[in-house]
Amino acid sequence: MIQPLRRLLPSARSAATILTASALCFGAASTLVSCSSSGPRRAGDDLGLTDEEKLGLFLENALRYIDLGDIDRAQVQARNGLAIDPKNERFLLIFGRCNLMRGNAQDIQVAIDAFSRIKDKDDFRVQASWGAAVERLGMFYEEAADGIRSGDRSTSAPDPEARAIELHEQAVGYWEEAYSRFQRSLAARSGDNEAINGLLRTSALLGRPQESISHARDLIKSIHSTQRLVREQLDATGITAEKEERLFKSRTSNTDFEVKTRLHIATLLRTEGNLGGAIDELDQIIALDPYLAQAHSQKAQLLFESGDFVKARASVTRFLEMRAPTSSVTDPEI
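None of these values were measured; they are calculated from a predicted model.

Examining helix α5 (residues 89-102)
Move 1: Compared with an ideal rise of 1.5 Å per residue, which puts 14 residues at 20 Å, α5 spans 20 Å between its outermost C-alpha atoms and is within 8% of the ideal.
Move 2: Taking burial as the measure, the 14 residues of α5 include ten buried ones, the bulk of the element.
Move 3: Turning to α5, its buried residues number three or more, namely Phe91, Leu92, Leu93, Ile94, Phe95, Gly96, Arg97, Cys98, Asn99 and Leu100.
Move 4: Its side-chain oxygen placed 3.1 Å from the backbone nitrogen of arginine 90, asparagine 88 serves as the N-cap of α5.

Re the nonpolar core
Move 1: Counting 34 residues, the largest nonpolar core has Phe91, Ile94, Ile112 and Phe115 as the members making the most contacts within it.
Move 2: Put simply, the parts of the chain that give this core at least two residues each are α3 (51-68), α4 (71-84), α5, α6 (105-116), α7 (124-150) and α8 (160-188).
Move 3: In contact with isoleucine 112, not counting residues within four places along its chain, are Trp130, Ala133, Val134 and Leu137.
Move 4: Among the nonpolar cores identified, the runner-up in size contains 25 residues, and Ile265, Ala266, Ile286 and Leu302 belong to it.

Regarding the packing of aromatic side chains
Move 1: A full pass over the atoms with the stated rule returns two aromatic pairs.
Move 2: Ring centres 5.4 Å apart and planes at 40 degrees place the aromatic pair tyrosine 141 and tyrosine 174 in the tilted group. Of this pair, tyrosine 141 sits in helix α7 while tyrosine 174 is found in helix α8, placing the two residues 33 residues apart along the sequence.
Move 3: Over the ring of tyrosine 179 we find arginine 208, and its NZ or CZ is 4.8 Å from the ring centre.

The rules behind these values
- Residues numbered from 1 in each chain as written.
- Predicted model: local features only at pLDDT ≥ 70, side-chain atom pairs only at ≥ 80, totals over all residues.
- Heavy atoms only, no water.
- Helix = DSSP H or I, 4+ residues; strand = E, 2+ residues; numbered from the N terminus.
- Expected span 1.5 Å × (residues − 1).
- Buried < 20%, exposed > 50% of the residue type's maximum accessible area, 1.4 Å probe, protein only.
- Polar contact = N/O pair within 3.5 Å; in protein donor to acceptor, adjacent residues only side chain to side chain.
- Core = buried A, V, L, I, M, F, W, Y, C linked by side-chain atoms within 4.5 Å.
- Contact = heavy atoms within 4.5 Å.
- Phe/Tyr/Trp six-rings, centres within 6.5 Å; stacked < 30°, edge-to-face > 60°.
- Lys NZ or Arg CZ within 6 Å of the ring centre and 35° of its normal.

Here it is, written out as structure tokens:
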């Protein structure tokens with residue numbers, strides 16, 4: 001028997017969480033400033049350098065480590081820069097974003113403190129990063145509220161239900177602040193992917209699905225524009241092997257981001273009762289990634305709910321062909 005849809009399609013909240021993680025990795029280094037193509041330089045190479053030259057070295061290394069996904073080392077480079085120039089806004093932004101990407105409650109508070117120390121509050125990168133940090137705080141409060149409601153989290157409050165409501169209201173307050181910061185970021189730089197993605201997520205969290213879908217459509221258009229630029233660069237003659245590798249990596253990252261965005265749209269359309277629209281999104285996802293088993297299973301469920309049993313059976317069969325060879329028969333989805 002096919003599982004209930006709620007066990008297959010992620011909730012709007014969980015889909016938003018996935019998009020948060022994706023956005024922080026999507027062009028992280030280029031969002032800060034452009035970086036060089038060379039690898040990080042050894043600390044010993046700075047002997048005899050002036051403070052200004054050291055700052056340049058630390059910045060170059062920090063951006064390269066972010067590009068490599070080594071957040072801890074990037075954070076060390078940012079600390080080194082701040083030790084020389086505590087008010088350096090580029091290093092404050094990098095340091096804050098490193099803490100944001102690490103993601104626990106303490107790190108988020110450190111990130112917010114770093115962003116608050118930046119004087120140029122209208123910088124689109126500052127507002128987008130600050131918005132993501134505040135949004136994450138809201139998620140912590142909402143998770144606490146859910147835990148109290150389910151009984152998985154204890155509370156000393158005399159009225160647990162009232163405490164859960166209080167925590168939820170605090171979460172909503174943080175999401176509203178985050179939404180406002182994403183708007184400020186987008187106003188400062190029209191078309192910025194990170195700000196659009198933030199508006200997509202927070203509008204969903206605030207219970208505005210149609211607005212979230214609209215932002216998601218804008219984000220997909222932006223991703224397509226980025227992909228066209230990547231294709232043009234790949235078609236250019238004389239590019240180095242290193243640059244070609246980076247472009248292929250970028251193309252894959254963009255495709256993965258579009259898949260997650262379309263999954264978010266499909267989730268919201270389904271909750272709105274638009275099964276046909278959700279199925280269309282899943283078809284687009286399958287065109288992007290034909291081997292994504294999750295898309296076939298979700299499409300099967302939606303087709304089943306819409307009464308198209310023949311197509312649902314075909315999607316189930318395709319899902320089983322992809323998953324059965326590597327999964328146990330006790331796997332719930334199997």
